[in-house]
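Take a look at the letters that make up each chain.
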Amino acid sequence: MKNIVSLQWLLDHKEDADVAIVDCRFQLSEPDAGREAYEASHITGAVYLDLEKDLSSPVEENGGRHPLPDIAQLTGTLSRAGIGNATRVVAYDDQGGAMASRLWWLLKYLGHEEVYVLDEGFAAWEKAGYPVSNEPSVSILAPFYATVQHSMLVEVDEVRENLGNESITLIDSREAPRYRGEVEPIDRVAGHIPGAINRFWAEGRGADGKWKSADEQAARFEGLDRAKQTIVYCGSGVTACPNVLALQEAGFEKVRLYAGSWSDWISYGGNAVAVGEEAAPKGE
C-alpha cells in the first residue's frame, strides 16, 4: 500500500532524522479528549495536531463544521511541528484512521508527497509493547513551503452545477442510515446530495482493524468508472478523507474532495436534498 505504513515500519524508522510522527487523535463528541489522550500517552517522539484547532478553521455560516484551515496558518503549524518539505510524515489516531487521513489529505493538498497513515493506530502500537511516552515532544523548526494542489478540492458551486452530470461519480462517505436520511445525529437536515452513492468510509478497514489491501479497496468500488471524475464528501470533510485514500489505493486517479461536505451543502437554503438509496452509476 502506497499511503499506509505498518507498526513494524514505524518502529524501524521512528528515529530517522527525516521522519515526523503526528498524533491526530480526536473525538467529535469530546473535543479535548484527543489532546488529553496524547498527554497521557503517545508514540515516543510524536507531536500532537488538533482537528479543530490546527487542521480546521473556525466555523462560519457556510463552509461546514470543519472548514479547511488557512494555508498560511497551517504551514506555520507544520513548520513548528518540525515538518518541512523533505520530511516523511506518519500520522496516526485511534479513530480508524479518519483524523490521520485528514492530515494526510491536507499535506497532499499542500503538495507534500511523503505522508502516510499508520495502520491499526495507537492502541495497537501500545498493545504491541512499542515505545510510548507522556513527555511532550520538542520539535526543531523546519520551513514548509506549500504548493497548493487546487485540483484536489471541490467547492459547493461546482457540486451544485454538476448535479446529474453522468461524467462525475459522487460518493457519500457516511454511514448508510445517515446517507438515506433515516437518522441525523449531527446536522440539522437529514439526507444526501442528489445523485450520490454511499460507500461508508469505515469499510476501508477489515475486522482486524487493518486497512484493506489495494485489491480489497478496488472491490469496494467495483463497477465505478475510473475514467470519470470522482467527488467524495461526508458530514464535514473529515471521514471523506479515508475514502479518498482508499480510492487512490484502488487505482482511482481523478479523485477530489468536497471539503465542506453535507454540513456545508445544507447551509445554503436552495440546495436540493435526497433521501433513500441511489442506483450506482455504471462503469466502463
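Residues numbered from 1 in each chain as written. Predicted model: local features only at pLDDT ≥ 70, side-chain atom pairs only at ≥ 80, totals over all residues. Heavy atoms only, no water.

**Let's talk about the packing of helix H4 (residues 98-109) against helix H9 (residues 240-249)**
At a minimum axis separation of 7 Å, H4 and H9 run at an interaxial angle of 70°. Between H4 and H9, the angle is such that the two are roughly perpendicular. The hand of the H4/H9 crossing is left-handed. Seen from H4, the contacting residues are Ala98, Ser101, Arg102, Trp104 and Trp105; seen from H9, they are Cys241, Pro242, Val244, Leu245 and Gln248. In terms of residue class, the contact of H4 with H9 is built from seven nonpolar, two polar and one charged. (Axes fitted to C-alpha atoms, helices over the stretch in contact; angles between N-to-C directions. Helix = DSSP H or I, 4+ residues; strand = E, 2+ residues; numbered from the N terminus. Parallel < 35°, antiparallel > 145°, perpendicular 65-115°, else oblique. Left-handed = near helix turned anticlockwise from the far one by under 90°. Contact = heavy atoms within 4.5 Å. Nonpolar A, V, L, I, M, F, W, Y, C, P; charged D, E, K, R; others polar.)

**Structural notes on the sheet that holds strand E8 (residues 153-154)**
One open sheet accounts for five strands, arranged E8-E12-E11-E9-E10; its pairing is parallel. Unpaired on one side and paired on the other, E8 and strand E10 (197-198) mark the two borders of the sheet. As paired elements, strand E11 (residues 229-233) and strand E12 (residues 255-258) share three bridges and run parallel to each other. Bridging from a neighbouring strand, Ile231 pairs with Arg256 of E12. Taken strand by strand, H9 contacts strand E9 (168-172), E11 and E12, and its axis lies near 150° from that of E11. (Pairing = 2+ DSSP bridges.)

**Details of the nonpolar core**
By size, the foremost hydrophobic cluster in this structure holds 65 residues, and its most contacted members are Ile43, Leu78, Leu103 and Trp105. Among the elements that make up this core, the one with the highest residue count is H4 (eight residues). Filtering out sequence-adjacent residues up to four positions away, Trp105 remains in contact with Leu68, Met152, Leu153, Cys241, Val244 and Leu257. Of all hydrophobic cores here, the second largest spans 14 residues; its members include Val159, Ile168, Tyr179 and Tyr258. (Core = buried A, V, L, I, M, F, W, Y, C linked by side-chain atoms within 4.5 Å. Buried < 20%, exposed > 50% of the residue type's maximum accessible area, 1.4 Å probe, protein only.)

**Let's talk about empty space enclosed by the protein**
It is the rolling of a water-molecule-sized probe over the atoms that shows where space remains empty. Overall, the coordinates contain one cavity of 30 Å³ or more when judged by the stated rule. Size it by volume and the largest cavity reaches roughly 30 Å³. (1 Å grid on protein atoms, 1.4 Å probe; cavity = no way out; pocket = protein on both sides within 12 Å on 5 of 7 lines; lining within 4 Å. Points joined across faces, edges and corners; volume = space filled by probe spheres on them.)

**A short note on the environment of Gly237**
Mapped onto the secondary structure, Gly237 falls in the loop between E11 and H9. When its relative accessible area of 0% is taken as the criterion, Gly237 is described as buried. Residues Gly237 and Leu68 lie 169 residues apart in sequence; the distance between their C-alpha atoms is 8.4 Å. If we skip the residues at most four places from it in the chain, Gly237 touches Arg102, Leu257, Ala259 and Ser261.

**Looking at the sheet that holds strand E6 (residues 115-118)**
Judged by pairing direction, the sheet is parallel, and its five strands sit side by side in the order E1-E6-E5-E2-E4 without closing on themselves. In this open sheet, the two strands that pair with only one neighbour each are strand E1 (4-5) and strand E4 (47-48). The pairing of E1 with E6 spans two bridges and is classified as parallel. Residue Val5 lies in a different strand from E6, and its bridge partner there is Leu118. Those strands touched by H4 are strand E2 (19-23), strand E5 (88-92) and E6, and its axis lies near 175° from that of E6.

**Quick look at a negative patch on the surface**
Together, Glu30, Asp32, Glu36 and Glu39 make up a region of like negative charge exposed at the surface. You can see Glu36 is positioned in helix H2 (residues 33-40). (Patch = residues over 30% accessible without salt bridge, like charges linked within 9 Å, V, L, I, M, F, W, Y side chains within 5 Å. Areas by Shrake-Rupley, 256 points an atom, 1.4 Å probe, with all protein chains shown as cover. Salt bridge = Lys/Arg side-chain N within 4 Å of Asp/Glu carboxyl O. Lys, Arg positive; Asp, Glu negative; His and termini not counted. Charge placed at Lys NZ, Arg CZ, Asp CG, Glu CD.)

**Some thoughts on helix H3 (residues 71-80)**
For H3, the complete set of buried residues consists of Leu74, Thr75, Gly76, Thr77, Leu78 and Ser79. Between the side-chain oxygen of the N-cap and the backbone nitrogen of Ala72 there are 3.1 Å, and the N-cap of H3 in question is Asp70. (Polar contact = N/O pair within 3.5 Å; in protein donor to acceptor, adjacent residues only side chain to side chain.)

**Notes on H9**
Most of H9 is tucked away, with nine of its 10 residues classed as buried. When H9 is considered as a whole, its buried residues turn out to be Ala240, Cys241, Pro242, Asn243, Val244, Leu245, Ala246, Leu247 and Glu249. Following H9 by one or two positions, Gly251 has its phi on the positive side, about 100°.

**Observations concerning the pattern of salt bridges**
Going through the model one piece at a time under the given rule, you end up with 14 salt bridges. Between Arg88 and Asp16 there is a salt bridge, with the nearest N and O atoms lying 3.0 Å from each other. Of the two residues, Arg88 is situated in strand E5 and Asp16 in the loop between helix H1 (7-13) and E2; the sequence distance between them amounts to 72 residues. Across the pair Glu113 and Lys108 runs a salt bridge, and its minimum N-O distance is 3.1 Å. Looking at Glu113, the relative accessible area reads 54%, which means it is exposed. For Lys108, a relative accessible area of 11% corresponds to the buried category. The structure contains a network of salt bridges with shared partners spanning Arg65, Asp172, Arg174, Arg178, Glu184 and Asp187.

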